[in-house]
Amino acid sequence: MQANQTMIQTGTHKTVRAHNFSAGPAVMPLPVLEQLQAELLNYAGHGMSVMEMSHRSAQFEDILHRVEADLRTLLRIPEAYSILFLQGGAHLQFTMLPTNLLPAGVSADYILTGAWAQIAIKEAEKLGRVHVAASTEDSKFSTIPSQADLQLDPQAAYLHFTSNETIHGVEWRAEPNPPANVPLVCDASSDIMSRPIDVTKYGLIYCGAQKNLGPAGVTIVIIRNDLLERVPPRLPVMLDYKLMAQNNSLFNTPPTFAVYVVGLVLRWLIDLGGLAEIDRRNEAKAQLIYRMIDTSGGFYRGHARPDSRSRMNVTFRLPSEDLEKQFVKQSEAEGFVGLKGHRSVGGLRASLYNALPLESAEALAQFMREFQRVNG
């Protein structure tokens, strides 16, 4: 076992768990992995794994209904919204959203705050007119625009923003306010379920599950029902929100096993005390790492402006690229995983998603302190 890996007792066995700071797929809650392991061969006495069940079976429909119910409970999602369990990740939603909700002759407002918003814009431009309501590209995506910075179209089909940018490490503290009757749309892939939000402010929220909700493979869309009436006829079936809603996400075979694991994660969140408690835990983890950056005398330099910092993805630099390479190499040798920054921007990145234990954040802070002492 390497120096900073954690030895954990699981039942009658001991297992080594790395300090996993990967940006996604991300660390999963240990109780979820243990329950998944226990149920892998025989789920609830049915003599088979969930991955072997028919998606038309009563057993899987029960799983799907409980996942939806727990999601509604945690996010306080009203009945006026449909919940869809789809595939293709946020990348497919970059296409599916304008396909369904951007009619010809109308433009959509997009706020450009980082690499993922940039990709969303490029995909939407293939299908219709896009107006960039604000951009922070000049700041190298180090900040979130204020409401006063937004140039909004009162006739826009919708206003789209990315609540958390994993690559640049910026996050919205509060959602932007669209003009009256303009639906607010959010790519919440990397901070969904990390804190309470008011779903009623949104027309549509979409997210890949693999950061805070479960494994890669399932994408969740929360859509206000009146927007389903805007869906044009004769869309390709796999791109049609309305068709998917009418079929309760069972038009075709959904990613059944991934949906089941999302259900285990939601139950774990409920047992912890819900989103208020995970919010408190996430704040504590983020403060540990940002405090190390802010008290390092410039040895560690955060990318994001303090008022725009992400609690999910802490991005930072060292005095030289050679030191950054040394930091990554030494951290990996001591049991830390995933601290290398995204290939497009370099530097370092610590992802602090819901399931990352506080002990891992404490271990990283200690590692950073010692690394600075030796190399500063």
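Residues numbered from 1 in each chain as written. Predicted model: local features only at pLDDT ≥ 70, side-chain atom pairs only at ≥ 80, totals over all residues. Heavy atoms only, no water.

(A) Inspection of the packing of helix H2 (residues 58-75) against helix H7 (residues 256-272) at higher detail. One way to put it is that H2 packs onto H7 with a least axis distance of 9 Å and a crossing angle of 40°. It follows that H2 is oblique to H7 by the angle criterion. Every pair of crossing elements has a handedness; the one defined by H2 and H7 is left-handed. Of H7, the residues touching H2 (which contributes Phe60, Ile63, Leu64, Val67, Asp70, Leu71 and Leu74) are Thr256, Val259, Tyr260, Val262, Gly263, Leu266, Arg267, Leu269 and Ile270. Classifying every residue of the contact of H2 with H7 gives 12 nonpolar, two polar and two charged. (Axes fitted to C-alpha atoms, helices over the stretch in contact; angles between N-to-C directions. Helix = DSSP H or I, 4+ residues; strand = E, 2+ residues; numbered from the N terminus. Parallel < 35°, antiparallel > 145°, perpendicular 65-115°, else oblique. Left-handed = near helix turned anticlockwise from the far one by under 90°. Contact = heavy atoms within 4.5 Å. Nonpolar A, V, L, I, M, F, W, Y, C, P; charged D, E, K, R; others polar.)

(B) Broad picture of the packing of aromatic side chains. For the coordinates displayed, the defined rule picks out 16 aromatic pairs. Consider the rings of Phe161 and Tyr202, whose centres lie 6.3 Å apart with planes at 25°: the pair is stacked. Here Phe161 is found in strand E7 (residues 159-162), whereas its partner Tyr202 is found in the loop between strand E10 (184-187) and strand E11 (204-208), with 41 residues between them in sequence. Like Tyr202, Phe161 is buried. Each residue in the set Phe21, Phe299, Tyr300, Phe316, Phe327, Phe336, Phe367 and Phe371 is aromatic and connected to the rest through ring pairs, giving one cluster. (Phe/Tyr/Trp six-rings, centres within 6.5 Å; stacked < 30°, edge-to-face > 60°. Buried < 20%, exposed > 50% of the residue type's maximum accessible area, 1.4 Å probe, protein only.)

(C) Geometry of the pattern of salt bridges. If you walk through the whole model with that rule in mind, you get 18 salt bridges. The closest approach of N and O atoms between Glu175 and Lys201, which form a salt bridge, is 3.4 Å. Within this pair, whereas Glu175 is found in the loop between strand E9 (170-171) and E10, its partner Lys201 is found in the loop between E10 and E11, the two being separated by 26 residues in sequence. Taken together, the shared-partner salt bridges connect Glu68, Arg72 and Glu79 into one network. (Salt bridge = Lys/Arg side-chain N within 4 Å of Asp/Glu carboxyl O.)

(D) Looking closely at the layout of surface pockets. Its volume calculated, the largest pocket comes out at about 460 Å³. For the lining of the largest pocket, the secondary structure elements donating two or more residues are strand E1 (6-10), helix H1 (30-39), H7, helix H8 (275-294) and helix H10 (358-375). A per-element tally of the lining of the largest pocket places H8 first, with six residues. Class assignment of the residues belonging to the lining of the largest pocket gives a composition of 15 nonpolar, five polar and five charged. (1 Å grid on protein atoms, 1.4 Å probe; cavity = no way out; pocket = protein on both sides within 12 Å on 5 of 7 lines; lining within 4 Å. Points joined across faces, edges and corners; volume = space filled by probe spheres on them.)

(E) Fine view of the sheet that holds strand E12 (residues 219-224). Across the sheet, seven strands lie side by side as E4-E12-E11-E10-E7-E5-E6; this open sheet has mixed pairing. With one partner strand each, in any of the chains shown, strand E4 (81-86) and strand E6 (129-135) form the two edges of the open sheet. The average angle at which neighbouring strand axes cross in this sheet is 20°, direction not considered. Strands strand E5 (107-112), E6 and E7 of the sheet are contacted by helix H4 (residues 115-125), whose axis makes an angle of about 160° with E5. (Pairing = 2+ DSSP bridges.)

(F) Highlighting empty space enclosed by the protein. Evaluation of the coordinates by the stated rule reveals two cavities of 30 Å³ or more. In terms of lining residues, the largest cavity is bounded by 15 residues, among which Ser163, Asp191, Arg195, Ile197 and Tyr202 are the most central. Its residues assigned to classes, the lining of the second largest cavity shows seven nonpolar, three polar and one charged.

(G) Inspection of the pairing of E6 at higher detail. When E5 meets E6, the two strands line up parallel, connected through six bridges. The partner of Leu112 across the bridge, within E6, is Ser135. Handedness of the β-α-β unit built from E5, H4 and E6 comes out right-handed. (Right-handed = clockwise from strand over helix to strand, strands pointing away.)

(H) Summary view of the nonpolar core. In terms of nonpolar packing, the biggest core is built from 84 residues, with Met193, Tyr300, Phe327 and Leu364 touching the most fellow members. Considering every element that reaches this core, the biggest residue donor is H7, with 10 residues. Ignoring any residue separated from it by four or fewer positions in sequence, one finds Phe327 in contact with Tyr300, Phe316, Leu318, Leu339, Leu348, Leu364, Phe367, Met368 and Phe371. By size, the runner-up hydrophobic cluster in this structure holds 30 residues, among which are Leu84, Leu86, Ala157 and Met244. (Core = buried A, V, L, I, M, F, W, Y, C linked by side-chain atoms within 4.5 Å.)

(I) Looking closely at the sheet that holds strand E14 (residues 313-317). Spatially, the three strands line up as an open sheet ordered E13-E14-E16, and their pairing is antiparallel. In this open sheet, the two strands that pair with only one neighbour each are strand E13 (301-302) and strand E16 (348-351). One ladder, built from four bridges, connects E14 with E16; its direction is antiparallel. By the bridge assignment for E16, Phe316 is matched with Leu348.

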